[in-house]
Amino acid sequence: MTKIERPDVFAAGRRGGHGDLHAYRVRGRGRGAVVLWIGGEGDEPDQVLALPEADRCQVPVFVTVRQARVYVSRRGRRLATSEANTLELTRVQHWVEDPVRRSVPSGDVLEAWNFFEDLARGLGGIHRLPQQSAVHHSAYEKLFGDECGAWTPAEQRAVLELMTAGVELWNSCPVIVKPCSKIVFDSGRGVPRDL
């Protein structure tokens, strides 16, 4: 497997350059944590911070925003804001499990869609999400306009498929639980291993 090349967001002299860093809280049933989100500059896409390690990337995760702030500060950067936005992924997971009986939590689904794409980009695993087609784009536009009730059955299936794959990506991606000590959990389960 080829090593993933990505710019070092903590390189010396970057003072706010190469995208602002934000703490972002994700609350899901399988995994909840604070991650670091990098805003893309210009035409660069946003992404969740993932650190390359051998032939894969690992997402540093934190329990609190303060821990994320300290981690970033020790690397010569600052968070763009002192607070963290929160993705209520649990609401999305409940809807995915029973889309017939539950109404679409449109704001959370929109936020989850963006998060999953940014997470996949950070991990170099965009292939782990369904390839997006015209039906996805149409569903996204309706979601963005809070018009989920106008989804066609194909659009709803596309969104459900993407949400299911995204939740699986989040729950299974390797994370560094204590980035300073480099403790890694594979697939969010099992016993930690020291690096």
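Everything below is about the structure printed above this text.
Residues numbered from 1 in each chain as written. Predicted model: local features only at pLDDT ≥ 70, side-chain atom pairs only at ≥ 80, totals over all residues. Heavy atoms only, no water.

## Some thoughts on the nonpolar core
One broad rule of soluble globular proteins: the nonpolar side chains tend to lie buried together. Of all hydrophobic cores here, the largest spans 37 residues; its most connected members are V59, L89, F115, F116, L119, M163 and W170. Mapped onto this core, the elements with two or more residues apiece are strand 1 (21-27), strand 2 (32-38), strand 5 (56-60), helix 2 (89-97), helix 3 (106-123), helix 4 (134-144) and helix 5 (153-172). Looking at this core, the element that brings in the most residues is helix 3, giving nine residues. Within the second largest apolar cluster, 15 residues are counted, among which are A23, L36, A68 and V72. (Core = buried A, V, L, I, M, F, W, Y, C linked by side-chain atoms within 4.5 Å. Buried < 20%, exposed > 50% of the residue type's maximum accessible area, 1.4 Å probe, protein only. Helix = DSSP H or I, 4+ residues; strand = E, 2+ residues; numbered from the N terminus.)

## Topic: the pattern of salt bridges
For the coordinates displayed, the defined rule picks out six salt bridges. The partner of E88 in a salt bridge is R27, and the shortest N-O contact between them spans 2.9 Å. Taken as a pair, E88 in strand 6 (residues 85-88) and R27 in strand 1 lie far apart in primary sequence, 61 residues in all. A salt bridge links R101 to D98; the nearest nitrogen and oxygen atoms lie 3.6 Å apart. (Salt bridge = Lys/Arg side-chain N within 4 Å of Asp/Glu carboxyl O.)

## With respect to the environment of F62
With respect to the secondary-structure elements, F62 resides in the loop between strand 5 and helix 1 (65-73). A relative accessible area of 5% places F62 in the buried class. Distance in space between the C-alpha atoms of F62 and A23 is 9.3 Å, their sequence separation being 39 residues.

## Some words on the packing of aromatic side chains
Enumeration over the complete set of coordinates arrives at seven aromatic pairs. For the ring pair Y24 and F115, a centre distance of 5.7 Å and an interplane angle of 35° mean the geometry is tilted. With Y24 in strand 1 and F115 in helix 3, this pair connects stretches of sequence that are 91 residues apart. For the pair Y24 and F115, a shared accessibility class is recorded, and that class is buried. Judged by centre distance (6.1 Å) and plane angle (45°), the rings of W95 and W151 are tilted. Here W151 lies in the loop between helix 4 and helix 5 and W95 lies in helix 2, a separation of 56 residues in the sequence. Of the two residues, W95 and W151, both sit in the buried class. Taken together, Y24, F115, F116 and W170 form an aromatic cluster joined through their ring pairs. Taking the ring centre of W170 as reference, the NZ or CZ of R31 above it sits at 5.5 Å. (Phe/Tyr/Trp six-rings, centres within 6.5 Å; stacked < 30°, edge-to-face > 60°. Lys NZ or Arg CZ within 6 Å of the ring centre and 35° of its normal.)

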